[in-house]
Amino acid sequence: MLELNTIRANPEDIKKRLAVKNFAHLHLIDTVIALDEQRKATQQALDTALSQINALSREVGDAFKAGKKEEAEMLKAQSIAIKETVNQLEADAKQNEIDLHEALVQLPNLPHESVPAGKTPEDNEVVFSHGDLPNLPENAMPHWDLAHKYRLIDFELGVKITGAGFPVYIGKGAQLQRALINFFLKEANAAGYTEMQVPHVVNEESAFATGQLPDKEGQMYHVGIDGFYLIPTAEVPLTNIFRGEILKEEDLPVKVCGYTPCFRREAGSYGKDVRGLNRLHQFDKVEIVQIQHPDVSYNTLEDMVQHVSGLLQKLQLPYRVLRLCGGDMSFASALTYDFEVYSAAQHRWLEVSSVSNFETFQANRLKLRFKDTETKKNRLLHTLNGSALALPRIVAALLENHQTETGITIPEVLRPYTGFDRIGE
RNA sequence: GGAGAGAUGGCCGAGUGGUCGAAGGCGCACGCCUGGAAAGUGUGUGUACCCCAAAAGGGUACCGAGGGUUCGAAUCCCUCUCUCUCCGCCA
């Protein structure tokens, strides 16, 4: 949620920046400002009336104590008269607040100045790439065939148990999952992130605070009976740990990580995008989250990008880093880098990580602040997060890129975790 | 799931209709004391919105959440949430 003060300070600039995200409802800015003016006026009138009532109430008490019954009754009558005004003003203020909030939550975060204009993924900027694209033989197999051949993943079995997009991992396939999770967690720990085990279902408040609600309502699984949501990413519980907190400046940055399954309805997806492991309804991911001082959060973003780069290099996967254009960025993000690995048998890039700085957008909803030691005032913090990493497409790329005639070679760094160095004969 | 008890500031804890944003203690900050520290001692110490150019100052709201009664609610009533104890069920 954007800060009211920011919007008030320079509405035209806000509109320009939102236009970079191709945000269509720029008139909402004017709506917000008008509603805020109205809010202030109403609040002032209300505060004044309440102040009068408070004063009268004190006088009523004094009058009764002094035995001046008639005077007390008279004062009471005055107070009751004001009360009618108060009731009306309170109703107005409440409605006003609802309207203002409704308008505010529709506004996406402002893109950082480095965000390129653009509408589609084609407009994203490649800022870095690493590794040579593997030259596989003609008969190289896509991962779904490899998974079948070596009996690593059974997609049909998942359909039977739940539905499409819920695969069953078998034997070395399952062990590879576990190995990757452990590898990612260990790397994150080594980089100073404290590991957290968090709930996989969250309440509405949490889903709202990180920006999934109301923007992505239809993309989350909803547990109707209790009003909970299955987490689409560990970002939600990991960030909500800090909801409502006022941190000390010396405790920054806060670094946490966690492994969770992620649940996404992925309504509207189809075709080659959802083949095999490319897009699942349930998948595993290790997430890293940092909470940082506003002045240095972009350095932190770079650190996180370096961390993810390191993981991909250790796994010997060719990858590239994209700076997302305004149109491809998420609602809550100010700047996002996507990581894509090259899937050699599919001849396409697959997104495996997304690292973002949300600046104060989430923090404003979270009410996550720190005490500024200089000004002694509370300020909103910056939140950042990134996948480090999401498993399925990593597995897809590992299987495809590291396949040989007789099996699949496990990268050196993973062997201590898998306990085997190849799949196949 | 059943029965009961409870929820007050960073923490503990008083407060059952007005003088309560809230006693007292602990903690914390700053000062005094000290060669230095401890002890002692003094002062201060929540959040949000608004008025004010700003500071100073002032107003309003907040005692789990939401409603209600009342001139006036931390205090009375209702609903909900959470915590604890006992019983039941159970990995």
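Residues numbered from 1 in each chain as written. Chains lettered and ligands numbered in written order. Predicted model: local features only at pLDDT ≥ 70, side-chain atom pairs only at ≥ 80, totals over all residues. Heavy atoms only, no water.

1. As for the sheet that holds strand β8 (residues 246-248)
How we decide: The pairing criterion is simple: DSSP has to find at least two bridges between the two strands. A helix here means a DSSP run of H or I that spans at least four residues, while a strand means a run of E at least two residues long, and both kinds are numbered starting from the N terminus. The convention used is that axes are lines fitted to C-alpha atoms, helices contributing only their stretch in contact, and that angles between N-to-C directions extend from 0 to 180 degrees.
With respect to topology, 3 strands assemble into an open sheet ordered β8-β14-β15, the strand pairing being mixed. Edge positions in the sheet fall to β8 and β15 (378-380), since each has one partner strand and no second. The sheet shows a mean angle of 40 degrees between the axes of neighbouring strands, direction not considered. Bridge analysis of β8 against strand β14 (residues 369-371) gives 3 bridges, and the strand direction is parallel. The partner of L247 across the bridge, within β14, is F370.

2. Some points on the protein's contact with RNA strand B
Quick reminder of the rule: Any residue with a heavy atom positioned within 4 Å of a molecule or strand is treated as near that molecule or strand. Contacts described as polar in this section are N or O atom pairs within 3.5 Å, which, within protein, must combine one atom able to donate a hydrogen with one able to accept it, while residues neighboring in sequence count only if both atoms come from side chains.
Taken together, 20 residues lie around RNA strand B, and R39, Q43, S79, K94 and K371 are the ones closest in. Backbone atoms, meaning sugar and phosphate, make up 74% of the atoms of RNA strand B lying within 4 Å of the protein. A distance of 2.6 Å separates a sugar or linking oxygen of RNA strand B from a polar side-chain atom of Q43. S79 places a polar side-chain atom, nitrogen or oxygen, 2.4 Å from a sugar or linking oxygen of RNA strand B. For the surface near RNA strand B, the secondary-structure elements that each account for two or more residues are α3 (27-65), α4 (69-104) and β14. Counting residues per element, the surface near RNA strand B draws most heavily on α3, which supplies 11 residues.

3. Comments concerning the pattern of salt bridges
Note the threshold: Here, a salt bridge means any side-chain nitrogen of Lys or Arg that lies within 4 Å of a carboxyl oxygen of Asp or Glu. Here the term buried applies to any residue with accessible area under 20% of the maximum for its type, exposed to any over 50%, and partly exposed to those in between, with areas from a 1.4 Å probe on protein chains only.
What the rule picks out here adds up to 14 salt bridges. In this structure, the salt-bridge partner of R323 is E125, at a minimum N-O distance of 2.8 Å. Placement of R323 in strand β11 (residues 319-323) and of E125 in strand β1 (residues 125-130) is noted, with a sequence separation of 198 residues between them. Accessibility expressed as a relative area gives 17% for R323, which makes it buried. For E125, a relative accessible area of 32% gives the class partly exposed. For R243, the salt bridge identified is with E205, shortest N-O distance 3.6 Å. Note that R243 is positioned in the loop between α9 (235-240) and β8 and E205 in helix α8 (residues 204-209), a separation of 38 residues in sequence. Assessed through its relative accessible area of 27%, R243 is described here as partly exposed. Through salt bridges with shared partners, a single network forms among R8, D36 and R39.

Note that every value here comes from positions in space, so none of it alone points to a role or purpose.
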